[in-house]
Amino acid sequence: MLSLLPMSTSAETKQSLSGLKEADLTKLVKSLNWPAFKGKSIHSWIYTKWVSSFDEMSDLSIKERQFLNEHYKLSPLSLADKQTSTDKTIKYLWKLEDGTVVESVRMFLEEHESYSACISSQAGCAVGCPFCATGYIGFKKNLKANEIVDQILGIQRDTKERISNIVFMGQGEPLLNYDEVLKAIYLIKDSVSIGGRKITVSTSGIIPQIKKLAEEKLQITLAVSLHAPDQKTRELLVPISKKYRLDDLMESLHYYYEKTNRRITIEYILLDELNDQPEKATELSNLIKDLHCHINLIPYNMVDLDNNHSPLKRPSSEKIHKFKQILETKSKKKVTIRRERGEDIAAACGQLANKALN
Ligand code: SF4
C-alpha cells in the first residue's frame, strides 16, 4: 500500500514520486500541510514537463524543493547506459534501486512521424523462447508499475521528445506480471496521457490473463506471439504452450475480440526451415481465418550471447516474401513484414539481453 509520509531519508529507501497518480500526489502534499494544488503541479512537472530533478519545479518554494530532495526521489530508475543505432533507434539500459538492469528502446515511426517506446515489464523472462536473448538470461524479477512507466518518462527526460506509442515488447512476459502491468497501463493512459489505442501488450499466450484482460475492456491492442500454426512446432518455439495449448489459446483470442471489439495482432517470427515452409503458411491461414486479426511477420534476428551464436537462422528474403504472399492470399488478411530497427545495437525484436554496453 502507498505510504505518503516520508519513512526514511536514506537514498536506497526514499520513495519515488514518479509513478504516483495525481490523486496520490495531492494526498501526499496535503499530508505535508502544503496546499492541495501543489499535488497537481508536481504531477505536471513529472508527467508533462519531464523534469529530471525537484530543483526544476520552479513553482515550488526553495524550502519545498529542499524538503522533497531530503525525503523523496524523483525516479526509481537511473540511466546506466545508452546506445544510438545508425537508424537513430536508441537503446537504454536502466538500473533499478536494487541494481537489477532492464532495457527499453525508442524507435522513430516514419509513417506517423512519431516515436514509439518498447518497454520491459520484467527483468529477464521465464518463458525461455529459444530465439530470444531475454529468454537466455532467465527470469530475474517483476517490475513495479512505477519502474515500467518511468522507462517512458526517462526516455522523454533524455530526448525532450514526446513518446506517442507504447509496446510492451521489451524484456519479460507482461501477463505474468499482470497486476503491475495493468496499473502501469492505467498510469500511461491517465498520467502520461497516451491513449489506450496507442498501447500494445504482447504476450506469449497466457490464457487466463488474456481472458482477465478482456474483462477490463481497455482499448489497447493485444499482440500474441503465435510463431507456429501447430501445437508441436509451437512447443519448440514458445515452451509455455505446453501448458497453454494452441487450441485453447485460439479460443481465448476469439473471446478477447468478442469482449473488446479490438482486432488482434498475430506475431509470427520466421525461422529458416522451422516454421517458414509454404505448408506452414497454409496451416496458419486456416488457423486464423475466422479471427479478427492482422499478422506481423518478424524475420529472425541473430542472437549473440557471449559469442555463442544461436543455431537458428533467418530465412532468405525470397522465402519470407513467399510466406507472406501465401498467407495474404489464403487468409485474405493484412500481413506486414516488420521493419527492423536498431539491429546494429542489438535493439531489434528478441535481442534485448542486458548486454554490457560500451
Ligand atoms: S520472446 Fe517474450 S516471452 Fe519469449 S522469452 Fe523472450 S521476452 Fe520471454
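Residues numbered from 1 in each chain as written. Predicted model: local features only at pLDDT ≥ 70, side-chain atom pairs only at ≥ 80, totals over all residues. Heavy atoms only, no water.

Draft legend 1. Spotlight on helix H6 (residues 178–190). Compared with the 18 Å implied by 1.5 Å per residue over 13 residues, the 18 Å span of H6 between its first and last C-alpha is a close match. Within H6, the full set of buried residues consists of Tyr178, Glu180, Val181, Leu182, Ala184, Ile185, Leu187 and Ile188. Taken together, the buried residues of H6 touch helix H2 (37–47), helix H5 (145–159), strand E9 (163–168), strand E10 (199–203) and helix H7 (207–216). (Helix = DSSP H or I, 4+ residues; strand = E, 2+ residues; numbered from the N terminus. Expected span 1.5 Å × (residues − 1). Buried < 20%, exposed > 50% of the residue type's maximum accessible area, 1.4 Å probe, protein only. Contact = heavy atoms within 4.5 Å.)

Draft legend 2. Seen up close, the domain arrangement of the protein chain. Segmentation of the protein chain into domains returns domain 1 (15–73) and domain 2 (78–345). Using only C-alpha atoms to locate each centre, domain 1 and domain 2 end up separated by 34 Å. Contact with domain 1, which involves twelve residues of that partner, is made by 13 residues of domain 2. Both faces combined, the contact of domain 1 with domain 2 buries some 1,100 Å², and carbon together with sulfur accounts for 58% of it. When the buried surface of domain 1 facing domain 2 is broken down by residue, Ser18, Tyr47 and Trp50 rank first, second and third, together holding 57% of it. On the surface where domain 1 and domain 2 come into contact, there are one salt bridge. The salt bridge involving Lys73 is made with Glu97; its shortest N-O contact spans 2.8 Å. (Domains from an automatic or database assignment. Buried area = accessible area lost by both parts, 1.4 Å probe. Salt bridge = Lys/Arg side-chain N within 4 Å of Asp/Glu carboxyl O.)

Draft legend 3. Spatial organisation of the pattern of salt bridges. This structure, assessed with the given rule, holds 16 salt bridges. Here Glu103 ties to Lys91 by a salt bridge, and the two come within 3.5 Å at their closest N and O atoms. Here Glu103 is found in strand E5 (residues 101–109), whereas its partner Lys91 is found in strand E4 (residues 90–95), with twelve residues between them in sequence. In this structure, the salt-bridge partner of Arg157 is Asp150, at a minimum N-O distance of 2.9 Å. Here the two residues Arg157 and Asp150 agree in accessibility, since each one is buried. When salt bridges that share partners are traced, they join Asp272, Glu273, Asp276 and Lys319 into one network.

Draft legend 4. Region of interest: the environment of Gln151. Along the chain, Gln151 falls in helix H5. C-alpha separation for the pair Gln151 and Glu103, spaced 48 residues apart in sequence, amounts to 8.5 Å. The contact partners of Gln151, leaving out residues within four places of it in the chain, are Leu77, Trp94, Glu103, Ser104, Ile119, Ser120 and Leu143. Among the polar contacts listed, one links the side chain of Gln151 to the side chain of Ser104, at a separation of 2.9 Å. (Polar contact = N/O pair within 3.5 Å; in protein donor to acceptor, adjacent residues only side chain to side chain.)

Draft legend 5. Seen up close, the environment of Asn261. Residue placement: Asn261 occurs in the loop between helix H9 (246–260) and strand E12 (264–270). The spatial distance from the C-alpha of Asn261 to the C-alpha of Gln219 is 8.7 Å, given a sequence separation of 42 residues.

Draft legend 6. Structural context of the site of the ligand. Around the ligand sit Cys125, Val127, Gly128, Cys129, Phe131, Cys132, Gly135, Gly172 and Ser204, and those are all the residues in its vicinity. Here the shell around the ligand is composed, by residue class, of five nonpolar, four polar and no charged. (Near = heavy atom within 4 Å. Nonpolar A, V, L, I, M, F, W, Y, C, P; charged D, E, K, R; others polar.)

Draft legend 7. Quick peek at the confidence of the model for the protein chain. With 91% of its residues at a pLDDT of 70 or more, the protein chain has an overall mean of 91. A low-confidence stretch, residues 1–5 (pLDDT under 50), is modelled with twelve contacts involving residues beyond four sequence positions or located in other chains. (pLDDT = per-residue confidence, 0-100.)

Draft legend 8. Structural context of the sheet that holds E12. Spatially, the ten strands line up as an open sheet ordered E3-E4-E5-E6-E9-E10-E11-E12-E13-E16, and their pairing is mixed. In this open sheet, the two edge strands, each paired with only one partner strand, are strand E3 (78–84) and strand E16 (335–337). The average undirected angle you get between the axes of adjacent strands in this sheet is 25°. (Pairing = 2+ DSSP bridges. Axes fitted to C-alpha atoms, helices over the stretch in contact; angles between N-to-C directions.)

Draft legend 9. View of the nonpolar core. Counting 98 residues, the largest nonpolar core has Leu17, Ile42, Ile166, Phe168 and Leu253 as its most contacted members. It is H6 that provides the largest number of residues to this core, a total of seven residues. Summarising the domain contributions, this core has at least three residues from each of domain 1 (15–73) and domain 2 (78–345). (Core = buried A, V, L, I, M, F, W, Y, C linked by side-chain atoms within 4.5 Å.)

Draft legend 10. Representation of the packing of H6 against H7 in the model. For the pair H6 and H7, the least separation of the axes is 12 Å and the interaxial angle reads 30°. Judged by the inter-axis angle, H6 sits roughly parallel to H7. When the axes of H6 and H7 are compared, the crossing they make is right-handed. Across from Tyr178, Asp179, Leu182 and Tyr186 in H6, the residues of H7 making contact are Gln209, Lys212, Leu213 and Glu216. Here the contact of H6 with H7 is built from residues that sort into four nonpolar, one polar and three charged. (Parallel < 35°, antiparallel > 145°, perpendicular 65-115°, else oblique. Left-handed = near helix turned anticlockwise from the far one by under 90°.)

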